[in-house]
Amino acid sequence: WSIQLESLRMGPRTFTTGNRAIIDTASSLIFGPVSVVNAIHTAIGAEPYGNGIYQVNCNSIKAMPVISLKVRGTTLNLTPAQYTLAVGDLCLSGFS
């Protein structure tokens, strides 16, 4: 699904207003503009893992901020546990 994303906020910082995002019900990932995804990865301390996937420190997940997506006037709050993926001992960002 391609949706109009009114805003994406992490704490007091707004990363985007008026961009499109892709939400794929067959995927665990949230796709967005490269500049926005890169800013999110920088903010959460993610490091490149390969093939556009980013790794986060599993011990830091609880301290990561809530990310708020505003779609059609409704704010959806994603906790760090909701926007990261645990794969064995590896923790990955859900943003791509």
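The following paragraphs examine the structure supplied in this document. (Residues numbered from 1 in each chain as written. Predicted model: local features only at pLDDT ≥ 70, side-chain atom pairs only at ≥ 80, totals over all residues. Heavy atoms only, no water.)

Comments concerning the overall build of the chain
So, point 1. Broken down by element type, the chain carries two helices and nine strands.
So, point 2. Computed over C-alpha atoms, the radius of gyration of the chain comes to 13 Å, within 12% of the 12 Å expected from 2.2 N^0.38 for 96 residues, which places it in the range of a compact globule.
So, point 3. By its C-alpha atoms, the chain is 35 × 30 × 20 Å across when sized along the principal axes.
So, point 4. Taken across its 96 residues, the chain has 35% of its residues classed as buried.
So, point 5. In the chain, which carries 6 positive and 4 negative side-chain charges, the distance between the mean positions of the two groups comes to 14 Å. (Helix = DSSP H or I, 4+ residues; strand = E, 2+ residues; numbered from the N terminus. Rg over C-alpha atoms; globule rule 2.2 N^0.38 Å. Buried < 20%, exposed > 50% of the residue type's maximum accessible area, 1.4 Å probe, protein only. Lys, Arg positive; Asp, Glu negative; His and termini not counted. Charge placed at Lys NZ, Arg CZ, Asp CG, Glu CD.)

Focus on the side chain of Thr 84
So, point 1. Checked against the element boundaries, Thr 84 lands in strand S8 (residues 84-87).
So, point 2. Given the relative accessible area of 10%, Thr 84 is considered buried.
So, point 3. Within the structure, the side chain of Thr 84 is placed 2.7 Å from the backbone oxygen of Pro 80, a separation counted as a polar contact. (Polar contact = N/O pair within 3.5 Å; in protein donor to acceptor, adjacent residues only side chain to side chain.)

Details of the sheet that holds strand S4 (residues 47-50)
So, point 1. Pairing within the open sheet is antiparallel, and its four strands lie in the order S4-S5-S9-S8. With one partner strand each, in any of the chains shown, S4 and S8 form the two edges of the open sheet. For this sheet, the mean inter-axis angle between neighbouring strands, taken without regard to orientation, is 45°.
So, point 2. Examined bridge by bridge, S4 and strand S5 (residues 53-56) share three bridges and lie antiparallel to one another. Across the sheet, the residue bridging to Pro 48 is Tyr 54, located in S5. (Pairing = 2+ DSSP bridges. Axes fitted to C-alpha atoms, helices over the stretch in contact; angles between N-to-C directions.)

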